[in-house]
Amino acid sequence: MAASSSARGELEKMGIDQLKALKEQADLEVNLLQDSLNNIRTANARLESAAGALNDLSLRPQGKKMLVPLTASLYVPGTLDEADKVLVDIGTGYFIEKTMEDGKDYCQRKINLLKSNYEQLFEVLAKKKSVADEAGMVLQGKVRQLQAATTS
């Protein structure tokens, strides 16, 4: 509470132009953080899907016929040759061969990392949103005072 009132006191000392600039900057940062959170959610969903696919793949017998996705909408027929080895995309077009268990572990570690990053970004977002809201309220109060002074 004391930190909030001291921050508000600092905002009260600022001029209208400074408050506008602060609010715009904070709003911009909030939007960027929200985009980052959306990207993390998307990546997390892809990893959850990959982990599920690995789990399903590990249950299939060798020699099983299946459809292999080349793109999101293009599948080709294939046969499961080695169910104990998988290729893992580690980013920027690089793949490494791992055992099925190592592939599942990799996905789970990435999911945990993304969840941790999401929680940290969410905390930063809440603080930035609070700063933007506080600056907006102080700015509105100063504009009202200025209007009242010019009309009197």
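Here, the structure is the one placed above.
Just so you know, these numbers come straight off a predicted model, no measurement behind them.

Chemist: In this structure, what is going on with the pattern of salt bridges? I would like to understand it.
Modeler: A side chain with one charge may pair with a side chain of the opposite charge, provided their charged atoms come close. Taken as a whole and judged by the stated rule, the model has seven salt bridges. With a closest N to O distance of 3.8 Å, E10 and K13 form a salt bridge. You can see E10 and its partner K13 sitting in helix α1 (residues 2-13), three residues apart, about one turn around the helix. For E10, a relative accessible area of 49% translates into the label partly exposed. Classification of K13 as exposed rests on a relative accessible area of 67%. The partner of E29 in a salt bridge is K128, with the nearest N and O atoms 2.6 Å apart. Residue E29 is located in helix α2 (residues 16-59), and its partner K128 is located in helix α3 (residues 100-151); the two are separated by 99 residues in the primary sequence. Residue classification places E29 among the partly exposed residues on the basis of a relative accessible area of 22%. Taking the relative accessible area as the measure of exposure, K128 reaches 30% and is therefore partly exposed. Members of the salt-bridge network, linked through shared partners, are E82, K85 and E97.

What counts, and at which threshold
Residues numbered from 1 in each chain as written. Predicted model: local features only at pLDDT ≥ 70, side-chain atom pairs only at ≥ 80, totals over all residues. Heavy atoms only, no water. Salt bridge = Lys/Arg side-chain N within 4 Å of Asp/Glu carboxyl O. Helix = DSSP H or I, 4+ residues; strand = E, 2+ residues; numbered from the N terminus. Buried < 20%, exposed > 50% of the residue type's maximum accessible area, 1.4 Å probe, protein only.

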